[in-house]
Amino acid sequence: MESYALLFAATLNAGTVLALAALGLLVNEKAGVVNLGAEGMMLCAALAAFVAVVHTGSDVLGFAAGAGAGALLAAVFGVLVIWLNTNQYATGLALSLFGAGFSAFAGIRYVQEKLPERPHFAIPWLGDLPLAGPALFRQHPMVYLAVALVLFLVWFLWRSRAGLVLRSVGESPESAHALGYPVRWIRLAAVVAGGALCGLAGAYLVLIYTPLWVEGMVAGRGWIALALTTFATWRPARVLLGAYLFGGVTMLQFHLQGAGVEIPSQFLTMLPYLATIVVLALISRNPAWIRINMPASLGKPFHPGS
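A brief look at the structure comes next. (Residues numbered from 1 in each chain as written. Predicted model: local features only at pLDDT ≥ 70, side-chain atom pairs only at ≥ 80, totals over all residues. Heavy atoms only, no water.)

**Examining the nonpolar core**
Using the following cut-off: Put simply, a nonpolar core is a bunch of buried Ala, Val, Leu, Ile, Met, Phe, Trp, Tyr and Cys residues held in one set by side-chain atoms that sit within 4.5 Å of each other. Here's how the labels work: a residue is buried when its accessible area is under 20% of the maximum for its type, exposed when over 50%, partly exposed in between, all with a 1.4 Å probe on protein chains only. Secondary structure elements follow DSSP: runs of H or I no shorter than four residues count as helices, runs of E no shorter than two count as strands, and numbering proceeds from the N terminus. Two residues qualify as a contact provided that any one of their heavy atoms is within 4.5 Å of a heavy atom in the partner residue.
Formed by 87 residues in total, the largest nonpolar core has its most connected members in V206 and W213. Of the residues forming this core, the biggest block, 15 residues, is contributed by helix α9 (residues 183-209). Other than its neighbours up to four places away in sequence, V206 contacts A46, A49, F50, L115, P211, L212, W213 and M217.

In structure tokens form, the structure reads like this:
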């Protein structure tokens, strides 16, 4: 039972990376903007966070640097697609390629660097409980922040006026513009906020999940996060559930290897990506269900006065 508790804890740890990135992309898409550059933003944010902690020793500054790097790249993307009307899909792919190349080039000298001793967290009293303690109450604060963020987004998107305006921009930007709302600025704010969350995901990956820097360490998690938004039909709570599901699949490979299961390691490594393909294939069997839940203006440019 102790090993299962540790497996569950590792699932939460792995799922948090995907949850933060997918929630950021969900905010983007609720405003009607598709950003395929999550992989590149996470890589640059991971490098920024790692460099900040190596030189300052502060995890707080590391997370701030990661969020700032993600927000900065997202802002550039937002200006290109919202004001200059470049193609959202092509620009997102270019951002992803740029992030992969730039992080590999700029991060060469940090490959051998080591982070300061990593802190260990535990909620007093609760962390000492049998089974539940190691499974739930010895996590990094960012794990609990991801859960709190889901609750906030549920309230924000469906219970607040600002959330209603954001969703209206994603559903019918022409109507929102006719009512006097600055559609472009709202979309830019959503894109920057989503980029900051992707940056936090990259920072968490490099500082907590795998505390080291290597080229390409995001390893497709940005694309899995993008798939999660569709899997969750643009619902924050389902995003969190899906993130933990994929996190569990990721951790299962290590658990099976540790248990001595005679399965080729290459097959176990591909499990998370295979699960992504299977889920998307199953969802695609009912395109009408996706269209009902998808923001109506997702991926469509908006031209004021046209």
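**A closer look at helix α10 (residues 221-231)**
What sets the pattern is the α-helix's 3.6 residues per turn: residues three or four places apart point alike. Burial analysis of α10 places eight of its eleven residues in the buried class, which makes it a mostly covered element. Burial in α10 covers these residues: R221, G222, I224, A225, L226, A227, L228 and T229. Taken together, the buried residues of α10 touch α1 (2-30), α2 (38-56), α9, α11 (236-258) and α13 (271-284). Once α10 finishes, T233 follows within two positions and takes phi at roughly 50°, a positive value.

**What to know about the packing of helix α3 (residues 59-83) against α9**
Rules: Geometry is summarised by axes, namely lines fitted to C-alpha atoms with helices restricted to the contacting stretch, and by angles between N-to-C directions that run from 0 to 180 degrees. Handedness of a crossing is defined here by the sense of rotation of the near helix relative to the far one, left-handed for an anticlockwise turn of less than a right angle and right-handed for a clockwise turn. Amino acids outside the nonpolar list (Ala, Val, Leu, Ile, Met, Phe, Trp, Tyr, Cys, Pro) and the charged list (Asp, Glu, Lys, Arg) are all regarded as polar, and Gly is one of them.
The contact between α3 and α9 brings their axes to 6 Å, and the two run at 145°. Our pair here, α3 against α9, has a crossing hand that is right-handed. Among the residues forming the contact of α3 with α9, the class breakdown is 19 nonpolar, six polar and three charged.

**A word on the pattern of salt bridges**
How we decide: Each salt bridge in this description consists of a side-chain nitrogen of Lys or Arg and a carboxyl oxygen of Asp or Glu lying within 4 Å of one another.
If you walk through the whole model with that rule in mind, you get one salt bridge. When the shortest N-O distance is used, the salt bridge between R118 and D59 registers 2.9 Å. Taken together, the residues R118 in the loop between α4 (88-106) and α5 (132-136) and D59 in helix α3 connect sequence positions 59 residues apart. The residues R118 and D59 share a single accessibility class, namely buried.

**As for a nonpolar patch on the surface**
Which entries qualify depends on this criterion: Surface patches are defined over residues having more than 30% relative accessible area and no salt bridge, joining like charges when they lie within 9 Å and nonpolar side chains (Val, Leu, Ile, Met, Phe, Trp, Tyr) when within 5 Å. Accessibility throughout is a Shrake-Rupley quantity obtained with a 1.4 Å probe, and a residue counts as covered only by protein chains that appear here.
A cluster of nonpolar residues, V261, I263, F267, M270, Y273, L274, V278 and L282, forms a patch on the protein surface that exposes about 620 Å² of accessible area. Per-element tally for the nonpolar patch: the top contributor is α13, with four residues. Topologically, L274 is positioned in helix α13. Its relative accessible area of 33% is what places L274 among the partly exposed residues.

**As for the environment of R167**
For clarity, the cut-off: Any pair of N or O atoms that falls within 3.5 Å is considered a polar contact. Within protein, one atom must be able to donate a hydrogen and the other to accept it, and sequence-neighbouring residues count only if both atoms are side-chain atoms.
Structurally, R167 is set in helix α7 (residues 161-171). Among all residues touching R167, those that are not within four sequence positions of it are K30, L157 and W158. Polar contacts involving the side chain of R167 include one to the main-chain carbonyl oxygen of L157, which spans 2.6 Å.

**As for the packing of aromatic side chains**
Just so we agree on the cut-off: Pairing of aromatic side chains requires ring centres within 6.5 Å, counting the rings of Phe and Tyr and the six-membered ring of Trp. Pairs whose planes differ by under 30 degrees are stacked, by over 60 edge-to-face, and all others tilted.
Applying the stated rule across the entire model yields five aromatic pairs. With centroids separated by 4.9 Å and ring planes inclined at 70°, the aromatic side chains of W83 and W185 adopt a geometry described as edge-to-face. Here the residue W83 occupies a position in helix α3, and W185 occupies one in helix α9, the gap between them amounting to 102 residues. Judged by its relative accessible area of 29%, W83 is partly exposed. A ring pair is formed by F152 and W155, whose centres lie 5.9 Å apart and whose planes are at 40°; its orientation type is tilted.

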